[in-house]
Structures are given as structure tokens and as C-alpha cells.
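# A closer look at the structure
Given next are the chains, with one letter for each unit.
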Amino acid sequence: MQLYSFFNSSTSYRVRIAMALKGLSYNYQGINLRAGDQHSEDYQQVNPAKGVPVLVDDDGVSLSQSMAIIQYLDDAYEGHRLIPQDALAKARVLEFSNLIACDMHPVNNLRILGYLVKNLGADDAQKQAWYGHWIAEGFVAAEKLLERYGSGPYCFGDQPTLADCCLVPQVANASRFGCDLSPYTRVMAVYEHCLQHPAFKEAAPESQPDYID
Ligand SMILES: N[C@@H](CCC(=O)N[C@@H](CS)C(=O)NCC(=O)O)C(=O)O
């Protein structure tokens, strides 16, 4: 399998965690988002949406969208289950995961922040305020969901799920932006616990071949 990825991309990081948890190996195809590789003609053939991740499996199946990729891998490959089969347990995992994937990540993505600065004239402080606002909105809700329905040490029990695949990259991203995450004690406890797991270590940005310090 091949995974088009960028070390610092949180959606790529999600898929890397999922693949490591399932024990799936792949060839790493680095797409340098900072250099604008995602806009090249060649890469647009791979993904017309001009982003990572993209998975190409051994049968030549090509898929974009991290949540679709993870769901496909979970359905197509045996091993560690990332999305529970029980109806309510599955809905809880998706509820939490989609809070991050649909409500938090899209408004803070590179191209969105870039548009704010280049097209709408936001300065650094305004960009930071935008980012911090949506992070706080999201993590307040995430903390509440964990308080109501979570059970540690992972988001939902003693095994990592899709929810943990989404949480860890989002926390890492917010930390990189200097957000104060201390109010979100449950979120942070899950994050710290996940970082001890070998699959999460393998998937971390600093473990990737295209890592730049
Ligand atoms: N909904 C997509 C989002 C993909 C996405 O936006 N990826 C970001 C990196 S985290 C990207 O490639 N951004 C390129 C850009 O902003 O130019 C997914 O979950 O895969």
C-alpha cells in the first residue's frame, strides 16, 4: 500500500495511527504541504481536492478523505477494531470523531488559515484568535462528551478507537499553535496515555521520513 502523507498533517496522522494500530505497512509518499506540492498537476491527478492523505491499496484502490480511508481499512482488514460494531458504541465513537473531523479540523486547516491571511487580510494575532476560538469551542465539547460517555484510559475504554486516532493529532496541532489545553483534563489524560502506545509513537510526526524539525 502507499500512503500520501505530510508529517505534520493531522488528517494524515489520523490514518497513520489507524494503520499502525491495525498493523498495516505502507510505502510513505511525502507531499510537502509547505512547499505547495499538493497543488502540482501530477498530485491533482492523485487527489483533485489537493490534500493529504490519500491511500492507494495493493489492488490499486485509491481513496482520499481520512475518515473514509480509516473506515475502509477497518472493514477490509482484520485485526484491531477501530470502529465498534455495537450500534450505540459505534455512534459514540463517530460522534466524538466527527466533532474533531467535521467541526474543528476544517476551519483550522492550512488553506483556510492561508485564505484568512492572504485574501481577507488577517494579521498574525487575528489568525491566532480564529484558530484559538475554534479549538476552544471544540475541546469544550470534546471534554463534555468524554465526561458523559467516555471511560479511560482511551476515549472509550481500554482499547484505542477512531476517536483516539482523531484526538491525538488535533491536540498535537493545537499545542503547536500554543493553545492553553490545561482546562481539558480528560482530553489531555487520553492524549498522554495514547502517546505511550507503540502505534501512536510510530505514527507521530517526528517518526516520519519527511519530518522537518
Ligand atoms: N477532510 C479531509 C481533509 C484533508 C485535508 O484538508 N488535509 C490537509 C492536511 S491536514 C491538507 O492536505 N491541506 C492542504 C492545504 O491546506 O493546502 C480528510 O479528512 O482527509
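Residues numbered from 1 in each chain as written. Predicted model: local features only at pLDDT ≥ 70, side-chain atom pairs only at ≥ 80, totals over all residues. Heavy atoms only, no water.

So, about the packing of aromatic side chains. Any aromatic ring pair is given by two values, namely how distant the centres are and how the planes are angled relative to each other. Per the stated rule, a full pass over the model turns up 7 aromatic pairs. Ring centres of Y4 and Y43 lie 5.8 Å apart, and the angle between their planes is 55°; on these two criteria the pair is classed as tilted. Remark: Y43 occurs in helix α2 (residues 41-46) and Y4 occurs in strand β1 (residues 2-5); sequence separation between them is 39 residues. We note that Y4, like Y43, is buried. (Phe/Tyr/Trp six-rings, centres within 6.5 Å; stacked < 30°, edge-to-face > 60°. Helix = DSSP H or I, 4+ residues; strand = E, 2+ residues; numbered from the N terminus. Buried < 20%, exposed > 50% of the residue type's maximum accessible area, 1.4 Å probe, protein only.)

Quick look at the packing of helix α1 (residues 10-22) against helix α3 (residues 66-76) now. Running from N to C, α1 and α3 cross one another at 10°; their axes reach a closest spacing of 9 Å. When the interaxial angle is binned, α1 and α3 end up roughly parallel. Judged by residue contacts, T11, R14, V15, A18, M19 and K22 of α1 engage S66, M67, I69, I70, L73 and D74 from α3. When the residues that make up the contact of α1 with α3 are grouped by side-chain class, the tally is 7 nonpolar, 2 polar and 3 charged. (Axes fitted to C-alpha atoms, helices over the stretch in contact; angles between N-to-C directions. Parallel < 35°, antiparallel > 145°, perpendicular 65-115°, else oblique. Contact = heavy atoms within 4.5 Å. Nonpolar A, V, L, I, M, F, W, Y, C, P; charged D, E, K, R; others polar.)

This paragraph deals with the sheet that holds β1. The mixed open sheet is built from 4 strands, whose spatial order is β2-β1-β3-β4. Where the open sheet ends on each side, the last strands, each with one partner, are β2 (27-30) and β4 (62-64). Neighbour-to-neighbour, the strand axes of this sheet turn through a mean angle of 20°, independent of strand direction. Strand contacts of α1: β1, β2 and β3 (54-56), with the helix running at about 150° to β1, the strand carrying the most contacts. (Pairing = 2+ DSSP bridges.)

Looking at the protein, the domain boundaries give domain 1 (2-80) and domain 2 (87-199). On a C-alpha basis, the centres of domain 1 and domain 2 stand 20 Å from each other. Every contact between the two is made by 16 residues of domain 1 and, on the other side, 20 residues of domain 2. Where domain 1 abuts domain 2, roughly 1500 Å² becomes buried across the two surfaces, and 66% of that area is made up of carbon and sulfur atoms. (Domains from an automatic or database assignment. Buried area = accessible area lost by both parts, 1.4 Å probe.)

Moving on, we get to helix α8 (residues 185-195). When we look at burial in α8, the residues that qualify are V187, M188, V190, Y191 and C194. Along the long axis of α8, the arc covered by the buried residues comes to 160°, so they all point the same way. Among the structural elements, α6 (124-149), α7 (162-176) and α9 (198-203) are those in contact with the buried residues of α8. (Arc of directions from axis to C-beta.)

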